[in-house]
Amino acid sequence: MTSRKASLKKYNTFGIDVHALEILSVTSVSDLQRIIKEKHPSELFIIGGGSNMLLTKDIDKYVVHINNKGYHVLDMPSDENEVLLKVAGGENWHDFVLYCIDHNYGGVENLSLIPGNVGTAPIQNIGAYGVELKDVFYECEAVSRKDGTIKIFSRDECNFGYRDSVFKTELKDQYVITSVTFRLTSKKHTITTDYGAIYDTLIAKGITKPNIKDVSDVVVEIRQSKLPDPAKIGNSGSFFKNPVISQAVFSELRKKFPEIPYYPIGSDQIKVPAGWLIEQAGFKGKRYGDAGVHEKQALVLVNYDKATGTEIWELALRIQEEVKARFGLTITPEVNVF
Ligand code: EPU
């Protein structure tokens, strides 16, 4: 299916109305390989769920919308409590989580309701409520954007970090992930409820021995209570990453701001919530035309209706500057800006 000079508004969760040369919807790996062979890599622009991008201008390229579907259980060698599930890259992430809960496959329940698709989840190693994609990742299949060849990436080869992977660094824009294979539990599940809000909400409901569905339901409830639904208000989830700083820098900062929240990472690094920094800088709930900072979570920038990508980007730069001036910390975008 192709559409000429098509609007990308429906293809990005920020709901930015820019246009592409043409949109090519891809439903199989061979479709994608054919397009890669026909066009030069510089003529193509890949979109999955469109949930991690801010489009500031028209894309004078062929937009390839990855839309392959399907689930396959693979034979799992030794451990009878595990299942290997291969999922097509074009599947919606939350549909995949619900599929797992329906089939009693454990491991992704904490990642409920994250916008985007399965195939783009590894790029930034999506994470929430104490779990990251890398914890359940087995391998992925990817197609080279240069010559259409297929390569399988193991977990080690993906080099996952906090909101980071090889697909954002050394291999940026080199591959399209067409499927992801997950290692999930099939009988005894490891329930992760350390994250304060999950634990408190479960207890408030009188649930002391949660199953994976309970955890998923609670995560959905928490997310809905503070994150805007992209179908109603355009957004891309967390716009910035939480800065990770050294213990020494943090100690100095804490002298000035004793109430600063923080999460130790390993022995010498500290993660500081960017949402707190932005709120302290006075931006929470602020609105400039149709571009704004969400009223319940300052890490999320929103498009109330007709904001342009440039307006949102200007707001992001303003926030970045103010946070730098007040705290001496540089917050960097989590979303890709085009
Ligand atoms: N905070 C504020 N004001 C705000 C927002 C946050 O003061 O407006 C402070 C609070 O102290 C709060 C702390 O920041 O306790 C942490 O907030 P929250 O639990 O909402 O988590 P976060 O660090 O802001 C991260 C992820 C989210 C993920 C949540 C839950 C990043 C960049 N973001 O946000 O991911 O859902 O943890 O695990 O790491 C996303 O990536 O799109 C996303 C939503």
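Trainee: Can you break down the domain arrangement of the protein chain residue by residue, with the values?
Mentor: Here the domain parsing of the protein chain yields domain 1 (9–66), domain 2 (71–226) and domain 3 (234–337). Taken over C-alpha atoms, the centre of domain 1 sits 29 Å from the centre of domain 3. Each side of the interface is counted separately: domain 1 has 11 residues, and domain 3 has 18 residues. Carbon and sulfur atoms make up 51% of the area that domain 1 and domain 3 hide from each other, which totals about 1,000 Å². Of all residues in domain 1, Phe14, Asn52 and Leu54 bury the most surface against domain 3, accounting for 60% of the area lost on that side. Class assignment for the residues of the side of domain 1 that touches domain 3 results in five nonpolar, five polar and one charged.

Trainee: Before we move on, can you summarise helix α5 (residues 212–226) with the specific residues and values?
Mentor: For α5, with 15 residues, the first-to-last C-alpha span of 22 Å sits near the 21 Å given by 1.5 Å per residue. Within α5 the residues assigned to the buried category are Ile212, Asp214, Val215, Ser216, Val218, Val219, Val220, Ile222 and Arg223. Its buried side turned inward, α5 meets α2 (93–102), β8 (127–128) and α4 (196–204).

Trainee: Quick rundown of the pattern of salt bridges? Include the residues and the values.
Mentor: Summed over all chains, the structure comprises 17 salt bridges. The shortest N-O distance in the salt bridge between Glu279 and Lys284 comes to 3.1 Å. Take Glu279: its relative accessible area is 35%, and that puts it in the partly exposed class. Two residues, Asp305 and Lys306, come together in a salt bridge whose shortest N-O distance is 3.3 Å. Judged by its relative accessible area of 67%, Lys306 falls in the exposed class.

Trainee: Describe α2, listing the residues and the values that go with them.
Mentor: All buried positions along α2 are accounted for by Trp93, His94, Phe96, Val97, Cys100 and Ile101. Angular distribution of buried residues about the axis of α2 spans 155°; they occupy a single face of the element. At its buried positions, α2 is contacted by β6 (71–74), β7 (82–88), β12 (175–185) and α5. Positioned one or two residues after α2, Asn104 has a phi angle of 60°, which is positive.

Trainee: So what's going on with the sheet that holds strand β16 (residues 269–271)? Which residues, and what values?
Mentor: With antiparallel pairing, three strands are arranged side by side in an open sheet as β14-β16-β15. The two strands at the open ends of the sheet, each matched to only one other strand, are β14 (244–246) and β15 (263–265). Each strand of the sheet is rotated relative to its neighbour by a mean of 35°, with strand direction disregarded. Along the sheet, helix α6 (residues 247–256) makes contact with β14 and β16, crossing β14 at roughly 90°.

Trainee: Tell me what's going on with the sheet that holds strand β13 (residues 234–238), and back it up with residues and numbers.
Mentor: Sheet strands associate in pairs through backbone hydrogen bonding, adopting either a parallel or an antiparallel arrangement. As summarised here, the arrangement of the four strands in space is β13-β19-β18-β17, forming an open sheet in which the pairing is antiparallel. Taken across any chain shown, the strands that pair with only one partner, and hence form the sheet edges, are β13 and β17 (287–288). Where strand β18 (residues 291–293) meets strand β19 (residues 300–303), three bridges bridge the pair, whose relative direction is antiparallel. The residue of β19 that forms the bridge with Gly292 is Val302.

Trainee: Could you give an account of unusual backbone geometry, naming the residues involved and the relevant values?
Mentor: Within the chain, Asn159 stands out as a residue other than glycine whose phi angle is a positive 50°. Structurally, Asn159 is set in the loop between α3 (155–158) and β12. Under the relative-accessibility criterion, Asn159 is labelled partly exposed at 47%. You will see that Asp173, though not glycine, has its phi angle at about 60°, which is positive. Residue placement: Asp173 occurs in the loop between α3 and β12. Given the relative accessible area of 48%, Asp173 is considered partly exposed.

Trainee: An account of the packing of aromatic side chains is needed here, citing residue identities and associated values.
Mentor: Going through the model one piece at a time under the given rule, you end up with 15 aromatic pairs. Pairing Tyr71 with Tyr99 gives two aromatic rings, centres 3.8 Å apart and planes at 5°, and the pair type is stacked. Of this pair, Tyr71 sits in strand β6 while Tyr99 is found in helix α2, placing the two residues 28 residues apart along the sequence. With 4.4 Å between their ring centres and 25° between their planes, Phe96 and Phe182 make a pair best called stacked. Of this pair, Phe96 sits in helix α2 while Phe182 sits in strand β12, and the two are 86 residues apart along the sequence. Comparing Phe96 with Phe182 shows no difference in burial state: the two are buried. Here a set of aromatic residues connected by ring pairs shows up, and it is made of Phe14, Phe239, Phe240 and Trp313. Lying over the aromatic face of Tyr62, Lys39 brings its terminal NZ or CZ to 4.5 Å of the ring centre.

Definitions and cut-offs
- Residues numbered from 1 in each chain as written.
- Predicted model: local features only at pLDDT ≥ 70, side-chain atom pairs only at ≥ 80, totals over all residues.
- Heavy atoms only, no water.
- Domains from an automatic or database assignment.
- Contact = heavy atoms within 4.5 Å.
- Buried area = accessible area lost by both parts, 1.4 Å probe.
- Nonpolar A, V, L, I, M, F, W, Y, C, P; charged D, E, K, R; others polar.
- Helix = DSSP H or I, 4+ residues; strand = E, 2+ residues; numbered from the N terminus.
- Expected span 1.5 Å × (residues − 1).
- Buried < 20%, exposed > 50% of the residue type's maximum accessible area, 1.4 Å probe, protein only.
- Salt bridge = Lys/Arg side-chain N within 4 Å of Asp/Glu carboxyl O.
- Arc of directions from axis to C-beta.
- Pairing = 2+ DSSP bridges.
- Axes fitted to C-alpha atoms, helices over the stretch in contact; angles between N-to-C directions.
- Phe/Tyr/Trp six-rings, centres within 6.5 Å; stacked < 30°, edge-to-face > 60°.
- Lys NZ or Arg CZ within 6 Å of the ring centre and 35° of its normal.

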